[in-house]
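Observations on chain architecture
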Amino acid sequence: NKQQEGPDGCNLFIYHLPSEFTDLDLTQTFSKFGPILSAKVFIDKKTNLSKCFGFVSYDNPLAANQAIQTMNG
């Protein structure tokens, strides 16, 4: 799946993900804050292991801000 960017203020960089997290896990974790355009966990091409970070893109800044307020830290 390719990462799809949302409007300005709607794209979040997520770090310190559990190493076993998949795109689906990331989507399920962050979907409670609003409609997600895409969620992508980055994988090391050489090892095929998670880099433990990813991106979540919402369709609106309100959802992105709610995710930041709730999940930060």
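Higher on the page you've got the structure.
Notes on the structure in this doc start here. In this text, all values refer to a predicted model and were calculated from it rather than measured experimentally.

1. Quick notes on the layout of surface pockets
- In this structure, the largest pocket spans a volume of roughly 330 Å³.
- Tallied by class, residues from the lining of the largest pocket come to 10 nonpolar, four polar and no charged.

2. Description of helix α1 (residues 23–30)
- Of the positions making up α1, those classed as buried are D23, L26 and F30. All buried residues of α1 fall inside an arc of 65° around its axis, so they share one side. Residues of α1 that are exposed and point over 90 degrees away from its buried face: L24 and Q28.
- On its buried face, α1 is in contact with β1 (11–15), β2 (36–43), β3 (50–58) and α2 (61–71).

3. Details of the sheet that holds β1
- As summarised here, the arrangement of the three strands in space is β1-β3-β2, forming an open sheet in which the pairing is antiparallel. Here the strands that pair on one side only, and so sit at the sheet edges, are β1 and β2. On average, each strand axis in the sheet is inclined to that of its neighbour by 15°, with strand direction left out of account.
- Summarising the sheet, β1 and β3 pair through five bridges and their orientation is antiparallel. For L12, the partnering residue across the bridge sits in β3 and is V56.
- Relative to the sheet, α1 contacts β1, β2 and β3, its axis offset from that of β2 by approximately 135°.

4. Points about the nonpolar core
- Counting residues in each nonpolar core, the largest one holds 15 residues, and the members touching the most others are I14, L26, F30, V56 and Y58.
- With three residues, the top contributor of residues to this core is α2.
- The residues touching L26, leaving out its near neighbours within four places in the chain, are I14, L17, F21, A39, K40, V41, F55 and V56.

5. Some remarks on the pairing of β3
- In this structure, β2 lies alongside β3, joined through six bridges in antiparallel fashion. Bridge pairing in β3 links I43 to S50.

Conventions used here
Residues numbered from 1 in each chain as written. Predicted model: local features only at pLDDT ≥ 70, side-chain atom pairs only at ≥ 80, totals over all residues. Heavy atoms only, no water. 1 Å grid on protein atoms, 1.4 Å probe; cavity = no way out; pocket = protein on both sides within 12 Å on 5 of 7 lines; lining within 4 Å. Points joined across faces, edges and corners; volume = space filled by probe spheres on them. Nonpolar A, V, L, I, M, F, W, Y, C, P; charged D, E, K, R; others polar. Buried < 20%, exposed > 50% of the residue type's maximum accessible area, 1.4 Å probe, protein only. Helix = DSSP H or I, 4+ residues; strand = E, 2+ residues; numbered from the N terminus. Arc of directions from axis to C-beta. Contact = heavy atoms within 4.5 Å. Pairing = 2+ DSSP bridges. Axes fitted to C-alpha atoms, helices over the stretch in contact; angles between N-to-C directions. Core = buried A, V, L, I, M, F, W, Y, C linked by side-chain atoms within 4.5 Å.

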